[in-house]
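Analysis of the macromolecular model
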Number of protein chains: 2
Amino acid sequence: MSASSPAPPLRSRATGRVTLADVARLAEVSPITVSRALRGERAVDPALIERVKDAAAKLGYVPDPAARALASQRSSHVAVLIPALSNALFVDLLEAAQRTLRPAGYQTLIGITHYDPIEEEQLLREQLQHRPAGLLVTGLDRSEATRALITASGVPCVHLMETSDAPGVYSVGLSQEEAGAAMTRHLLARGRRRIAFAAAQLDPRTLQRLAGWRREMVNAGLHDPALEWLNPAPSSLAEGARMFEQIAAHRPADKPPVDAIFFCNDDLAQGALLAALRLGVAVPAQIAIAGFNDLTGSDQMVPPLTSVRTPRSEMGRAAAQMLLGLMRGETPPAPSLDLGFDLVVRGSS
Amino acid sequence: MSASSPAPPLRSRATGRVTLADVARLAEVSPITVSRALRGERAVDPALIERVKDAAAKLGYVPDPAARALASQRSSHVAVLIPALSNALFVDLLEAAQRTLRPAGYQTLIGITHYDPIEEEQLLREQLQHRPAGLLVTGLDRSEATRALITASGVPCVHLMETSDAPGVYSVGLSQEEAGAAMTRHLLARGRRRIAFAAAQLDPRTLQRLAGWRREMVNAGLHDPALEWLNPAPSSLAEGARMFEQIAAHRPADKPPVDAIFFCNDDLAQGALLAALRLGVAVPAQIAIAGFNDLTGSDQMVPPLTSVRTPRSEMGRAAAQMLLGLMRGETPPAPSLDLGFDLVVRGSS
DNA sequence: CTGAAAGCGCTTACAG
DNA sequence: CTGAAAGCGCTTACAG
C-alpha cells in the first residue's frame, strides 16, 4: 500500500470524460497545441498535427461543446427560423439545410414563428442567448427590432426563399413575383381571361406572387379587383375547398364567370380540385386550376395539378453552404443567389 | 485624471454580458445564493429571493446556457429522435412537444433517423455529446447498442407512439395492434370479407397494425396470406396509387376479388382513392378503402376517407410533460400512458 | 439558510 | 510555430 501517487483531490468533480489535457499528455504537447491542431486553426507543425490526431483517436476524444461555447462565446448551433412545419415547403427546406450542416458539425435549432413577427422576435432573442454560430431566417420582411437584433448579434445570417440586393444581406431564393407572373402568363396563353388569384395566410411571399399576377393582368387589360380572393386564414385543403365553393358560386350578372383560379399554394389548389369533383365542376373545361410549390400529391390529383416547382431542397442546401462559408469568415462569391423556378403544366390548366 | 480605480486588467476577455456576479453585487449576496434563488433549488430565505429577482430583472440578467451546461454537466436541450418529417404525424408530435418544452426553458434538438437504426444510433451519439437534459424517442424497437447508450447516459427518456410495461421504461402512446384490429372489425362489420392489408415503409408500428388485422382475419376465418401487400418503399400518395392499381388488377381465378383495402397510413389511402377515381373503380361500392392516422386532407377526399385518429398532439404534449417531471427528478404517476385512438368512419368504407 | 473555494473543459490574448 | 497563464460564467461539494 505504498501510495506513491498523490491522494485524489478532495473536491473532485471528475466526469470521466476524455479531455483535451488527456490528449495533450499522450501526444506530449500542450493543450493549446491540441486545440489548434484539432480545429485546423493557425499553422501547426504537420508532424505535431499527426501526433495529436493519433492521440485523440486513440483516446476517443470528443470536444465538449459547452466548454467550447463558453470559452469562445460561440456555440456549434445554427438557429433556423421558419413560419410553420405544416407547409411541406419548409419541411423540405429544413431537411436539406440540416443535411448540409450536420456533417460540418453544426446542430440545428428550430424556431417556428407561426408567421408572427412578434413570435419571431421572441424566438430570436431566446436563440441568440445560445450564441448560435449562424442564423437561417425565412424571407426578408420582419420587425425593425428583429433586424436590429440580428445585426447587433454579429451572427452570420442567410435569408431563405427570397433574394435581396441590400448591402450586407445574404440570401438564397427566387423571385416570387416573377413566378406569380409566369403562371399568370401561362393561363393567359391558354386563353383564360377571368383569372382569379386566391390566397390564404397572406404572408409576404404570397403577396409578392399576387403582385406578379396583378402586373400581368393589368398588362393584359384584364385586371379586376373582384378577382382577388384574399383570406387571412391558414392554408389547408379544407380552406381551398371552401374558397373554391365561394368563387364558383359568385356569379355577378354584369361580368363573365371566372374561368381560371391561381391558388397561392398547392394545398389550397388540391382542396379546390376535390371540391370541383364533388360539385361536378369540370376542370379545366369549365375552370382551370393552378397552384404553387408543386407539393407532394399534386401530380396524383384528378386531374393532375398545374403548379410552380420551387427548388426548396436546393435552397436549403445552398443557403446552408453559404452560411458555412460565412461562419468560416469567407466572403461568398455573390451575396444573393437566385435559384429560379419551373412551371409544371399538368392537366388542370 | 486622478485614476483612483485600478487600471483595467490586461487580459480582459469581457463579453459585456450581465453575469451572476453582477446580480450578486446589486443584491448584496453571494453568487451562489443568486444561482440558488433563481433556480429555485434548495431553500433560500424568501426575502433574499425577492431581492435577487429584483436585481436580476433590473439588470436584465439572462443565464448563460453554455456556462450552466459546463458546470452542471447538463444542458438545456431535449433531444428528439423521429423517423421522418415527411409524415405529418411526426410534425404534429414534434410541434406539440416543443410547445410544452419551450416555456419550461428547454430547446429541442431534432434528429431525423429516416427509419434507420444505424442512423438513429449515430444521431444519438452526437446528441449525447451535448449532454441533453432529456430524450424523446420514437417507438420501442431499436438496436441493443442504442438502448445501452440511453441507459448508460442516465438521461431521462420517454418513448413515443407505443406503450411498454418493461420496468424503467417510460412511454406515451397507444396500442397500434388494437387500432389495427378495430379498423378490421369495422370493415368486417360492414360485410367485407376479402379485406387486404396494404402497407409501405414497414416500420415497427405498421407491423403491429398488421398483427391486429391478421388476428381479426384469423378469428373471422377469413385470413389469406395473399391479402397481405407489404411494400418496403417509403409511404406516399404516389405509392398508394401504384399499390391500389396492383391490388385491383390482381384477380386470381380461384378466389373472390378484394372488397376492401386497409392501408397502414392515410397518404397511401389518399393516393388509392385518387387512383380509384382515375380507374373508375367505385368506392366503397366495389372496394372499401380505409387509412390510418387521419391526416390532413383525408376528410376532403372523394369520398371522404375512413381512418383511425391517433392523438398525436396529445402524445407530444403528454410525453413532454412526463419528461419535464423526470428531469425534475420526480417519479411519474404511471410509467406508461395509453392515449387510445378513435375510429373515424367516413364515406370510403 | 448562506458562502468561499474550486472546478467544469475549453480558447483567447500575449509573449517568445 | 509553440506555450504558460488567465479567463469564459456558471454550479458542485464542503463547511458552518
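Notes on the structure follow.

Here is what the cut-offs are and how they apply
- Residues numbered from 1 in each chain as written.
- Chains lettered and ligands numbered in written order.
- Predicted model: local features only at pLDDT ≥ 70, side-chain atom pairs only at ≥ 80, totals over all residues.
- Heavy atoms only, no water.
- Contact = heavy atoms within 4.5 Å.
- Buried area = accessible area lost by both parts, 1.4 Å probe.
- Salt bridge = Lys/Arg side-chain N within 4 Å of Asp/Glu carboxyl O.
- Polar contact = N/O pair within 3.5 Å; in protein donor to acceptor, adjacent residues only side chain to side chain.
- Helix = DSSP H or I, 4+ residues; strand = E, 2+ residues; numbered from the N terminus.
- Nonpolar A, V, L, I, M, F, W, Y, C, P; charged D, E, K, R; others polar.
- Pairing = 2+ DSSP bridges.
- Axes fitted to C-alpha atoms, helices over the stretch in contact; angles between N-to-C directions.
- Core = buried A, V, L, I, M, F, W, Y, C linked by side-chain atoms within 4.5 Å.
- Buried < 20%, exposed > 50% of the residue type's maximum accessible area, 1.4 Å probe, protein only.
- Parallel < 35°, antiparallel > 145°, perpendicular 65-115°, else oblique.
- Left-handed = near helix turned anticlockwise from the far one by under 90°.
- Arc of directions from axis to C-beta.
- Least-squares fit on C-alpha atoms with pLDDT ≥ 70 in both.
- Expected span 1.5 Å × (residues − 1).
- 1 Å grid on protein atoms, 1.4 Å probe; cavity = no way out; pocket = protein on both sides within 12 Å on 5 of 7 lines; lining within 4 Å.
- Points joined across faces, edges and corners; volume = space filled by probe spheres on them.

The figure often quoted for interface size is the accessible area lost as the parts come together. Opposite the 44 residues of chain A that make contact, chain B presents 44 residues. With both chains or domains summed, chain A and chain B bury close to 4000 Å², and 58% of this area falls on carbon and sulfur atoms. The largest per-residue losses of area from chain A upon contact with chain B belong to Arg102, His130 and Gln300 of chain A, which jointly make up 15% of the total buried on that side. In this structure, Glu126 of chain B engages Arg102 of chain A in a salt bridge whose closest nitrogen and oxygen atoms are separated by 2.9 Å. Across the contact surface, chain A and chain B share 11 residue pairs in polar contact (both at pLDDT 80 or more). Elements supplying a minimum of two residues to the side of chain A that touches chain B: helix H4 (65-72), helix H5 (88-101), strand S2 (107-112), helix H6 (117-129), helix H10 (237-249) and helix H11 (266-279) of chain A. For the side of chain A that touches chain B, the per-class residue count stands at 21 nonpolar, 13 polar and 10 charged.

It is worth spelling out the sheet that holds strand S7 (residues 228-231) of chain B at this point. Residue and element names in this part refer to chain B. Read across the sheet, 4 strands follow the order S7-S6-S8-S9 without closing on themselves; strand pairing throughout is parallel. The sheet terminates laterally at S7 and strand S9 (288-290), the two strands that pair on one side only. Within the sheet, the average angular offset between the axes of one strand and its neighbour, ignoring direction, is 15°. As judged from the 4 bridges shared by strand S6 (residues 195-200) and S7, these two strands associate in the parallel manner.

Let us look at the nonpolar core. One finds Ile261 and Ile289 of chain A together with Ile261 and Ile289 of chain B to be the most contacted residues of the largest nonpolar core, which totals 148 residues. With residues near it in sequence (within four places) discarded, Ile289 of chain B still touches Phe244, Ile261, Phe263, Ala269, Ala272, Leu273, Val283, Leu305, Thr306, Ser348 and Ser349 of chain B.

Another aspect to go through is the packing of H4 of chain A against helix H4 (residues 65-72) of chain B. Across the interface, H4 of chain A lies against H4 of chain B with an axial gap of 8 Å and an inter-helix angle of 135°. Put simply, H4 of chain A runs oblique to H4 of chain B. For the pair H4 of chain A and H4 of chain B, the sense of crossing is left-handed. Seen from H4 of chain A, the contacting residues are Ala66, Ala67, Ala69 and Leu70 of chain A; seen from H4 of chain B, they are Ala66, Ala67, Ala69 and Leu70 of chain B. Considered class by class, the residues forming the contact of H4 of chain A with H4 of chain B number 8 nonpolar, no polar and no charged.

Attention shifts here to the side chain of Ser171 of chain A. Structurally, Ser171 of chain A is set in strand S5 (residues 170-173). Apart from the residues lying within four places of it in its own chain, the contact partners of Ser171 of chain A are Val158, His159, Glu162, Thr163, Ser164, Met322, Pro335, Ser336 and Leu337 of chain A.

A separate point is H4 of chain B. Residue and element names in this part refer to chain B. Where H4 is concerned, the buried positions are Pro65, Ala66 and Ala69. Projection of H4 onto a plane perpendicular to its axis shows the buried side chains occupying an angular sector of 100°, all on one side. Two residues or fewer after H4 comes Gln73, characterised by a positive phi angle close to 60°.

Relative to the assigned elements, Thr108 of chain A resides in strand S2. Classification of Thr108 of chain A by relative accessible area gives buried; the value is 6%.

For the rest of this paragraph, the subject is the relation of the copies chain A and chain B. Expressed as a screw transformation, the operator carrying chain A onto chain B has a rotation angle of 180° and an axial translation of 0.0 Å, and the superposed copies differ by an RMSD of 0.1 Å. Taken together, the rotation and translation relating the two chain copies correspond to the operation of a two-fold axis. Considering only C-alpha atoms, the residue of chain A closest to the rotation axis is Ala66 of chain A, which sits at 2.4 Å. Of all interface residues in chain A, 100% are interface residues in chain B too; the two copies therefore contact each other through one and the same surface.

Take helix H3 (residues 46-59) of chain A next. Residues and elements named next belong to chain A. Counted at 1.5 Å a residue, the expected span for H3 with its 14 residues is 20 Å, and the 20 Å between its end C-alpha atoms agrees. Looking only at H3, the buried set comprises Val52, Ala55 and Ala56. Axial view of H3: buried residues confined to an arc of 100°, hence all on one face. Those residues of H3 that are exposed and aimed more than 90 degrees away from the buried face are Pro46, Glu50, Ala57 and Lys58. On the buried face of H3, the contacting elements are helix H1 (20-27) and helix H2 (31-39).

One pass over the full model with this rule turns up 3 cavities of 30 Å³ or more. Here the largest cavity is characterised by a volume of approximately 240 Å³. Residue lining of the largest cavity: 22 residues in total, with Ala66 and His77 of chain A together with Ala66, Ala69 and His77 of chain B positioned closest to the centre. Of all the elements in the fold, those that place two or more residues in the lining of the largest cavity are H4 of chain A together with H4 of chain B.

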